[in-house]
Amino acid sequence: MSAAKIPIRQNRTLFNSKFEGYKLSFLEESRQHFVAVGAPGPGVVVPKLPASAKLSYRQVQNRIRHNHLHPGWNSFKPVNGDTTNIKEPVLFVVDEDYVLIALQFDKTTHLLRSKQLVQIPVPLVPDNVHLEFPTVKPLSPNYILVSDGAFNLYVIRIQIAGAECEAVIEALTTFQPEESLQTELMTPCGLLEAKAFPASSDEQELGMEIKFIVHYPYKEGFYSAEPSPHRKSDAKTVFVVSLCSVHLRGLSSVSGSSGFTPMEVDSTSEPKLLFNTVIHSIRGTEIPFYCSLDPSGDGYVIGSNSTYKPTKEPVADQTTRYLEPGSEAMELDKTDVGAAPPSEAPYIWTQTDTDLTICFGLPRGTTKHAIQCKFLLQGLELQVNLSQSTESMVRAPRLENTPLFDQIQPDECVWTLEASTGILTLNIEKKHSKTRWTQVFAEGVDTDPVEETLDPSVFAEYRSALEKYTSEEPNAAPGRDMTVLPSVAQDAQEDIDEEGEEIKFSWVQTEDGTDIIRATTIGTGHDWIGQAFPSFESHPSENQPFRMPTVCLKHDVDGLVYSIQHKPGATPQPMSTVQQGEDIMKFVHTDTFDALAFVQASKREKRFVMHDPNGRFTAIVESSRNVYIYWHTPGAKLKQERQTVVDVSKGKQVDIIGCQLIGDGILVILMEGKHGALVLELD
């Protein structure tokens, strides 16, 4: 079953055409407070890699982006006037000695308290094994899961009473890959996501089920070690993302915002050893930017530059691949698996800000008299008249006033046919320039749209593939007797993985099999900007203890905020409509940060970009100096908004390694070593 194709739509009523710019402002010194973290120790020191370390670009990038400041189960906003869900907020950090440290903000004294809670055992690994960074994920209001950056994950109970915060390690589980993915040398895993869910009614004695997601590099298979001559990205490291489950016994699940009732534990007792189960694993060439379990427990959403495939899905021959413009396969020699367009794709297409280019593969020798093409204001008529014997071998395109995704300029559109190669090319001029088409044909018409080919070199490669398929000569070389096309996608990025942050989201079902990826976003122009600071407001009316964090994506110069929604129990059908697909995963445009895409692009040293869960501001944090706050007034369309700039360094050499909210409008910036943390009271 193929994954449902999900469009990411914009709500144009949320655009602000009146916006002119930001007015610079500064934060008073009285609302900036420094605090030592982990005193009297050295503070939080990030382990440095040796010069001999061999890591891929994506692994290095992931280490740079790692946020060393981790949120607890914090709530910042009442739901329907109910403030019972708002507890004393807490942040966590793990220092270089693997001591778990809690940070709490005192609203009375306006000071940040730092307290060492518990020592995590230091992982023992060979010198040539490079650990991931320790990570803390909130499971519920009373529990967190701490990864040591190697293979061990610790379930820790947290108890907060006013100014006091205590912690006890209750259980330990060790991650092991599936048997088919195990290697002689264990590879450390990084923790992406974790949540606790009530046990099912027939398993009340289990207390709660913990689902967690980890990633690790895998170099033993899936892709050829030899890079493709066509794409640099083919030489990337493959990453495996595994969904795991472990049950914590001795608890009883209860309803309400707290989720679970903690049991009494003897702090001197040894942690329980728990065995986890790998539910499934998926593979890809990227470490996800975004990963969030849905509160229903049905699945999770993963966001990355590339899409993922189940590890149990059969892998094609690594030296060949097959493309099917018609009913017969076409072989491309010495290219890797995974770079080919979907099989049986009837056409390929790409776009610029102003035009669209579509290519169809026809038999070599097809004449222009066989082509009937008419461009309409928002439709296309196309018919190719082939001989009966030829038509039985090649699927000829037939479009009868088929609605397009958006309006075009019919008088500016042309089609060309390269008789020697059989390439039929439609050059379509958009009526609304700078509008990114998510697919060629209207959403209600095309239920299984063809994805755009983003890379110009890949587009040319596919054209060569079509030429080879339609050539009558057995050794016909791609490119002979070919009329050069107008420059298609000339403003596209040469290598999107290096130059941009184009992101695709997928819904992955929490079960095993080869069809677990049930929905994937389509379209282009959805560049990644950032996600919301975690906030865990309970929504009893929706039976949701939390919601997935909203995401901010680039659209022209703005940053658009989307909530990601899932209808519990939704399953795709073999021929799902867009509406049925959106029951699985739906993107709802909820707000717009004016000109955010433009201003963040100018911040060359940015390390973190995150926005307020209530939509009031976005924080852009540089790696060594400034924090920029771009304000937004929800529900209003102002000509001017505020920009607040804070120099965190205060003239010193600092390295910013973390950023989180600890209260409504209270931002904590973590710096490495003795520099500690800076609290910014933005409100």
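Right above here is the structure, for reference.
Residues numbered from 1 in each chain as written. Predicted model: local features only at pLDDT ≥ 70, side-chain atom pairs only at ≥ 80, totals over all residues. Heavy atoms only, no water.

### Observations concerning the overall build of the protein chain
- Within the protein chain, the secondary structure is distributed over six helices and 43 strands.
- Taken over 683 residues, the protein chain has a buried fraction of 57%.
- Taking the contacts inside the protein chain whose residues are at least 6 apart along the sequence as the reference set, 66% of them involve residues at least 24 apart.
- Accessible surface, the protein chain: about 30000 Å² in total, of which carbon and sulfur atoms supply 49%. (Helix = DSSP H or I, 4+ residues; strand = E, 2+ residues; numbered from the N terminus. Buried < 20%, exposed > 50% of the residue type's maximum accessible area, 1.4 Å probe, protein only. Contact = heavy atoms within 4.5 Å. Areas by Shrake-Rupley, 256 points an atom, 1.4 Å probe, with all protein chains shown as cover.)

### Details of the packing of aromatic side chains
- What the rule picks out here adds up to 15 aromatic pairs.
- Considering the side-chain rings of W73 and F536, the 4.3 Å spacing of their centres and the 20° angle between planes classify their relative orientation as stacked. With W73 in the loop between strand 4 (70-71) and strand 5 (91-94) and F536 in the loop between strand 33 (528-532) and strand 34 (551-555), this pair connects stretches of sequence that are 463 residues apart.
- W73 gets classed as buried once you look at its relative accessible area, which sits at 14%.
- Given a relative accessible area of 7%, F536 falls into the buried group.
- A centroid spacing of 6.0 Å and a plane angle of 85° characterise the contact between Y347 and F441, whose relative ring orientation is edge-to-face. (Phe/Tyr/Trp six-rings, centres within 6.5 Å; stacked < 30°, edge-to-face > 60°.)

### Comments concerning unusual backbone geometry
- For Y98, which is not a glycine, the phi torsion comes out positive at approximately 65°.
- Counting through the fold element by element, Y98 comes out in the loop between strand 5 and strand 6 (99-106).
- Phi at A595 is positive, roughly 60°, even though this residue is not glycine.
- Its location among the elements puts A595 in the loop between strand 36 (586-593) and helix 6 (596-601).

### A word on the pattern of salt bridges
- Scanning the model with the defined rule gives 17 salt bridges in all.
- The network of salt bridges with common partners includes D353, R436 and E452. (Salt bridge = Lys/Arg side-chain N within 4 Å of Asp/Glu carboxyl O.)

### Overview of the environment of I657
- Examined against the element boundaries, I657 turns out to sit in strand 41 (residues 656-663).
- The spacing of I657 and S623 is 34 residues in sequence and 7.4 Å in space, taken between C-alpha atoms.
- Contact partners of I657, with chain neighbours within four places excluded, come to V44, V46, H66, N67, H68, L69, R607, F608, L670, M671 and E672.

### Topic: the sheet that holds strand 32 (residues 517-522)
- On the basis of which strands lie adjacent, the open sheet formed by five strands has the order 1-32-31-20-19 and mixed pairing. Strands with a single pairing partner mark the edges of an open sheet, and in this sheet they are strand 1 (4-7) and strand 19 (290-293). This sheet shows a mean twist of 20° between the axes of neighbouring strands, independent of strand direction.
- Pairing analysis gives four bridges linking strand 19 to strand 20 (residues 299-304), with the strands arranged antiparallel. In the strand pairing of strand 20, L293 is matched with Y300. (Pairing = 2+ DSSP bridges. Axes fitted to C-alpha atoms, helices over the stretch in contact; angles between N-to-C directions.)

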